[in-house]
Amino acid sequence: MPLPVRSLPVIQNWDCHSCTNCCRTYHVRVNEVERERLKSQGWTAADLGGYEPVVWDTQLGQYRLNHTPTGACVFLGADDRCRIHATFGEATKPTACQVFPFVLAPAGDHWRVGVRFACPSAAANRGRPLAEHAAGARRAAELIEADAKGPPPTELPALQAGKPVPWPVAVRLLEAIDELLADTDFPLERRIRQVLAFAATCQPTSFAALTGDSLDDFVEVMAAAAVEETPDAVAKPEWVGRTIFRQVAAIYARKDHGPEAGVAKRGRLTRIRAAWRFALGRGAIPKLHAKIPDRTFADAEKPAGRLGPDADALLTRYYRVKVQSGQFFGRTNYGFPFWAGLDSLVLTVPVILWLARVFAGSDARDSGVEAAVRVVDDSFGYHPLLGSARQAWATRTLADRGELARLAAWYAQ
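Residues take numbers from 1 onward in each chain, read along the sequence in its written order. pLDDT decides what is reported in this predicted model: residues at 70 or higher carry local features, side-chain atom pairs at 80 or more are listed and counted, and totals for whole chains, interfaces and linings draw on all residues regardless. Only hydrogens and water are set aside when side-chain values are computed; all heavy atoms of the structure are taken into account.

K.L.:
Account for the state of the cysteines, with residues named and values stated.
P.N.:
Any pair of cysteine sulfurs within 2.5 Å is marked as a disulfide. Per the counting criterion, the structure on display carries 0 disulfides. Just so you know, C19 is unpaired, no disulfide at all, and the nearest cysteine sulfur is the one on C119, 5.7 Å from it. Considering cysteine sulfurs only, C22 is the nearest to C23, which forms no disulfide, with 4.2 Å between them.

K.L.:
Go over helix α11 (residues 268–280) with me, naming the residues and quoting the values.
P.N.:
Helix and strand definitions follow DSSP, with helices as H or I runs of at least four residues and strands as E runs of at least two, each counted in order from the N terminus. Multiplying one less than the number of residues by 1.5 Å gives the expected span of a helix. The end-to-end C-alpha separation of α11 is 19 Å, in line with the 18 Å expected for 13 residues at 1.5 Å each. Exposure classes here rest on a 1.4 Å probe applied to the protein chains alone. A residue is buried below 20% of its type maximum, exposed above 50%, and partly exposed in between. Among the residues of α11, A274, F278 and A279 are the ones counted as buried. One side of α11 holds all its buried residues, which, seen down the axis, span an arc of 140°. In α11, the exposed positions angled more than 90 degrees off the buried face are occupied by L269, R273 and W276. Looking one or two residues past α11, G281 carries a phi angle of roughly 70°, positive in sign. Of all possible arcs, the one meant is that of the directions from the helix axis to the C-beta atoms.

K.L.:
Requested: an account of the sheet that holds strand β5 (residues 102–106), with residues and values cited.
P.N.:
Sheet strands pair via backbone hydrogen bonds, and the direction of the pair is either parallel or antiparallel. The 3 strands lie next to each other as β1-β6-β5, forming an open sheet whose pairing is mixed. Two strands close off the open sheet at either side, each with one partner strand: β1 (5–7) and β5. Averaged over all pairs of adjacent strands, the angle between strand axes in this sheet comes to 45°, irrespective of strand direction. Only strands that DSSP links by at least two bridges are regarded as paired with each other. Summarising the sheet, β1 and strand β6 (residues 111–115) pair through 2 bridges and their orientation is parallel. Of the residues in β6, the one forming a bridge with V5 is W111. By the convention used here, residues are in contact when the closest approach between their heavy atoms is within 4.5 Å. In this analysis, axes come from line fits to C-alpha atoms, helices being fitted only over the stretch in contact, and the angle between any two N-to-C directions falls in the range 0 to 180 degrees. Relative to the sheet, helix α6 (residues 134–147) contacts β1, β5 and β6, its axis offset from that of β5 by approximately 65°.

K.L.:
With reference to specific residues and values, describe helix α12 (residues 309–325).
P.N.:
Here α12 is 17 residues long and its end C-alpha atoms lie 24 Å apart, about the 24 Å a rise of 1.5 Å per residue gives. Of all 17 residues in α12, 14 are buried; the element is thus mostly enclosed. G326 occupies a position one or two residues after α12 and carries a positive phi of about 70°.

In structure tokens, the structure reads:
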């Protein structure tokens, strides 16, 4: 019996608008069952413009759907429809294709649901309320459990490494963080700093003796204190913080395949050179993503003013969906504990704001926010480097030095 789906963010809309972005952007892995199913459907290279349907990917160490030199999946027809879907039905496509853009995070006895903002329709909030996609979310959960041959283990969430808590504690903390993010009386960067202040006051607490009303009372007091004690302004980031930040930004900006691939696809030496230039932070910004125009690191440091209402609304929705779904910790984010995962999510704030300046220029920064959100969410929880020990060290260092708050405030200018 699949776990039920109990949480669909009411602030998010989505429907597929057949933009085919996912068919051109992702290398879809296929397991042996899916590979055999494709074989049984009778696809040949002759049917697919001369390209084999499935290829072995040495980087993934797995089979995946093949792509044409233009970056499109070989199953994407001239009418921009999936040939598998059109011929045999949606249920015969690989699981990854059927599930996208849903993100399902196991939360003990149920699934929490989010969406990938890498999907243009999700980023633009186009379509029906997500709550109307309950059937699709349940189907996605069934597919994920079928692939895993059963529901995920019902392990307790860890606030910190080795310190598990009951799920009601984690859910109550999610609610409190969401409430802080929802209070638009404050600018976004101030709300983000309030979230960090709330986390800092809660982290020393074990929560072992807090249940029911006592848990609610404690969380409410800590949230109120975070709002009251967060200063209006903070110092600029230190040199160390900005250096580490740029190296993180380089990972998020990097795209190695598909029509939006940047220079990193040329090989290891090109990637090393780009990483060195990001570390130095001088001269032209390497075009790790096709969207990056001719910009310098100095251009990206120019203040752009307070976020406009549309950009603020998009970022508020983005972070609230990430929090409501619980995607930032546990199985959907490299197994990070709750507080470490929250730090990794907060670190995307300055990355998005920095990339928005790069994409659109400081004078028009808001027009680049949606593109920046899509690029960052393409990698959040998925890029293998973001789950590495080095990345965990970088995030922890920025958090311990108070640089996360400074970076968010600095790039929100």
